[in-house]
Amino acid sequence: MDNTNENRGDILIVDDILENLQLLFTMLTEQGYEVRRVLSGKQALNVVRVEPPDLILLDIKMPELDGYQVCKRLKADPITQNIPVIFLSALNDTFDKVKAFEVGGVDYISKPFQLQEVIVRIENQLNLLRMQQKLEKKNAELELLNQELEAFSYTVSHDLRTHLTVVNNIIYLLNQKYSQELSDTVQNYINFLEEESDRLGEIIEDLWRLSESKSKYLDMVLDSFNLSEVVRKIVNRFNIESEVKPKEFIIEPDVYVMGDQGLIKIALENLLDNAHKFTAKREQARVEFGQLQQDDQNVYFVKDNGVGFDSKKAENLFTPFFRLHQEQEFSGTGIGLATVKRIIERHNGKIWYETEINQGTTFYFTFGESDCHTPF
Ligand SMILES: Nc1ncnc2c1ncn2[C@@H]1O[C@H](COP(=O)(O)OP(=O)(O)O)[C@@H](O)[C@H]1O
Ligand SMILES: [Mg+2]
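Parameters at a glance
Residues numbered from 1 in each chain as written. Chains lettered and ligands numbered in written order. Predicted model: local features only at pLDDT ≥ 70, side-chain atom pairs only at ≥ 80, totals over all residues. Heavy atoms only, no water. Helix = DSSP H or I, 4+ residues; strand = E, 2+ residues; numbered from the N terminus. Rg over C-alpha atoms; globule rule 2.2 N^0.38 Å. Buried < 20%, exposed > 50% of the residue type's maximum accessible area, 1.4 Å probe, protein only. Near = heavy atom within 4 Å. Polar contact = N/O pair within 3.5 Å; in protein donor to acceptor, adjacent residues only side chain to side chain. Areas by Shrake-Rupley, 256 points an atom, 1.4 Å probe, with all protein chains shown as cover. Pairing = 2+ DSSP bridges. Axes fitted to C-alpha atoms, helices over the stretch in contact; angles between N-to-C directions. Lys, Arg positive; Asp, Glu negative; His and termini not counted. Salt bridge = Lys/Arg side-chain N within 4 Å of Asp/Glu carboxyl O. Contact = heavy atoms within 4.5 Å. pLDDT = per-residue confidence, 0-100. Core = buried A, V, L, I, M, F, W, Y, C linked by side-chain atoms within 4.5 Å. Arc of directions from axis to C-beta.

1. What to know about the overall build of the chain
Alright, step 1. Counting its regular elements, the chain contains nine helices and twelve strands.
Alright, step 2. Taking 2.2 N^0.38 as the reference for a compact globule, 376 residues should give roughly 21 Å; the C-alpha atoms of the chain span a radius of gyration of 32 Å, well beyond that estimate.
Alright, step 3. Taken over the C-alpha atoms alone, the chain extends approximately 100 × 50 × 40 Å along its principal axes.
Alright, step 4. Expressed as a percentage of its 376 residues, the buried residues of the chain come to 43%.

2. Quick notes on the site of ligand 1
Alright, step 1. Around ligand 1, the structure places 19 residues, and the nearest of them are Lys277, Arg323, His325, Thr333 and Leu337.
Alright, step 2. Within the backbone of Leu337, an N or O atom sits 2.7 Å from an oxygen atom of ligand 1.
Alright, step 3. Taken by itself ligand 1 offers 530 Å² of open surface, and the protein chains cover 98% of this.
Alright, step 4. Listed by contribution, the elements that provide at least two residues to the shell around ligand 1 are helix H8 (261–277), helix H9 (336–346) and strand E12 (360–365).

3. Observations regarding the sheet that holds strand E9 (residues 285–294)
Alright, step 1. Reading across from one edge, E7-E9-E10-E12-E11 is the order of the five strands in this open sheet, with mixed pairing throughout. Single-partner strands in this sheet number two, and they are strand E7 (247–251) and strand E11 (351–356). Strand-to-strand twist in this sheet, taken as the mean axis angle between neighbours without regard to direction, amounts to 15 degrees.
Alright, step 2. Inspection of the sheet shows E7 paired to E9 by five bridges, in the parallel sense.

4. Points about unusual backbone geometry
Alright, step 1. Note the cis peptide between Lys111 and Pro112, where omega equals 0 degrees.
Alright, step 2. As for its position among the elements, Pro112 is in the loop between strand E5 (107–110) and helix H5 (115–177).
Alright, step 3. The residue Asp254 is not glycine, and still its phi comes out positive at about 50 degrees.
Alright, step 4. Looking at where Asp254 falls in the secondary structure, it is placed in the loop between E7 and strand E8 (256–260).

5. Observations concerning the side chain of Asp304
Alright, step 1. Examined against the element boundaries, Asp304 turns out to sit in strand E10 (residues 297–304).
Alright, step 2. It turns out Asp304 is buried and unbridged, and the closest side chain with the opposite charge, Arg282, is 7.2 Å from it.
Alright, step 3. Polar side-chain contacts of Asp304 include one of 2.8 Å to the backbone nitrogen of Gly306.
Alright, step 4. Setting aside anything within four residues of it in sequence, one finds Asp304 in contact with Ala275, Thr279, Arg286, Val287, Gln359, Gly360 and Thr361.

6. Let's talk about the pairing of E10
A regular strand places its side chains so that they alternate between the two faces of the sheet.
Alright, step 1. With six of its eight residues buried, E10 lies for the most part within the structure.
Alright, step 2. As paired elements, E9 and E10 share eight bridges and run antiparallel to each other. Residue Leu292 lies in a different strand from E10, and its bridge partner there is Val299.
Alright, step 3. Here E9 folds back onto E10 in antiparallel fashion, the turn holding two residues, of which Asp295 has a positive phi close to 45 degrees.

7. Quick look at the confidence of the model for the chain
Any segment with low pLDDT has predicted coordinates that should not be analysed in fine detail.
Alright, step 1. Taken over all residues, the pLDDT of the chain has a mean of 89, while the share at 70 or more is 92%.
Alright, step 2. Across residues 1–5 the pLDDT falls below 50, and counting only partners more than four positions away or on other chains, this stretch makes three contacts in the model.
Alright, step 3. Note that residues 370–376 has pLDDT below 50 and, in this model, 22 contacts with residues that lie over four places away or in other chains.

8. A closer look at the nonpolar core
A general tendency of soluble globular proteins is for nonpolar side chains to be buried together.
Alright, step 1. Formed by 34 residues in total, the largest nonpolar core has its most connected members in Leu227, Leu268, Leu272, Phe289, Val302, Phe365 and Phe367.
Alright, step 2. With eight residues, H8 is the single largest residue contributor to this core.
Alright, step 3. Apart from the residues lying within four places of it in its own chain, the contact partners of Leu227 are Val255, Tyr256, Val257, Ile264, Leu268, Phe289 and Phe367.
Alright, step 4. Among the nonpolar cores identified, the runner-up in size contains 22 residues, and Leu65, Cys71, Ile83 and Phe87 belong to it.

9. As for helix H3 (residues 67–76)
Alright, step 1. Listing the buried residues of H3 in full gives Gly67, Tyr68, Val70, Cys71 and Leu74. Within H3, the buried residues cover an arc of 160 degrees as seen down the axis, which keeps them to one side. The exposed set on the far side of H3, more than 90 degrees from its buried face, consists of Lys72 and Ala76.
Alright, step 2. Looking at the buried side of H3, the elements it contacts are helix H2 (41–50), strand E3 (55–59), strand E4 (85–89) and helix H4 (97–102).
Alright, step 3. Backbone nitrogen of Tyr68 and a side-chain oxygen of the N-cap are separated by 3.2 Å at the start of H3; the cap is Asp66.

The structure is reproduced here in C-alpha cells:
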C-alpha cells in the first residue's frame, strides 16, 4: 500500500522446482516482500512452525507430500491454521480447485506467473489478514474496556449506596428528632431532599442490579423452579401497594424453568413492574404471565394492555437509560430492560416484544438450551 521499501509481508514459497522458486523469489523481493523459500512440503512444515510467515505460496505437485496434504496439515495445527495459503498450479497439472478450497486454500495462481496477478492475489490475502488482526486487537481492547466498565459500575453503585445510606440516616434524624424545631420552609426542604434521595436510591439500586446481572462476582446457580410462584409473589406485592384501580393478574400455574432463580426473579420483577406501571391509567388493567410453544421451544411472556409504545423508535429499548415515556408521565430510570436482556442472555436465551400504542405490550423470552419443562 505504501511505496516505501518497508517490509510488505513475510512470504514463504514452497516449490520443488528450483526455477519456479527463483522466479517468484526475485519477483516478490523486488516488490518489497520478505521472501523465504523451501523445496519440499516437509521442509515447509518445519519452517512454518518455527517462524510462521504471513502467507504461503504452495505448489501442488511435489514428491512425498503434495500441496493438498501440506495444506491440510497446516490447517490442522493451531499455530499455523490462520496463515493464508495460495496454491500454485501449472497448466498441465491436474489441478482440482474444489479440493484446493476444501483443504483450506484461499486462492490459486496459475503458471506461467503474471507479475500483476501474483501481486494482486497476494495483496488481497495480506489485506484481509491485516484487517482481521486489527479487528482481533480491537475486540480484545473492547472486551477489556467492558470488563473495566463492569467493575467500575459495580464499585460506584456500591459506594454510592453506602453514602446514600448516611444521607438517609440524617434525613431520618432531622424528621424524627428535630421536626418541632424546624420551620415549615425547612421542613419542606427536607421533604424535597427525601424525595430526591429516594430517586437517587432507585437509580443506584437499578444500576447495581444491572452490573450484578453481568458481573463476575456472581456465579450463576442453575436450578429448576416454579416461575409461576415467583411471578405470583412479585404481583402480590403490587396488590399490597395501595392500588386505586383493581388490576387483573392472570398467571398460568406451574410453569417450571431451569436457571438462576435470583437473576430470573430480577428479570421478572422488571418486566412485571413495567407491565404494572404502563397499565396504571387503564380502567380495566390486565397483566398476564404464561408460556407457549414456538418452533419446539418454550417461550414465556409477560403481556399487558397498557399504553404500548412506538416500536419504530425503540431500537435502543434494551440499552441502559433509554426510555420512551416522560418522567412526569411514568417514572423510571430506563435501566430495567437492559438488566432483563442481560439476564436472559446469560441464560443463552432471547427476548423480543410486540407492542401497539394504546393497545398493550407483550415481552417474550426464552432460556436457551438449559431450559426444562417439568420439575425434576
Ligand atoms: N410494558 C411496557 N409498556 C409500555 N412501554 C414499556 C413497557 N416496558 C417498557 N417500556 C418502555 O421501555 C422503556 C424502558 O423500560 P425500562 O428499562 O424498564 O425503564 P423504566 O421502567 O425505568 O422506564 C420504558 O421507559 C418505556 O418507555
Ligand atoms: Mg422498568
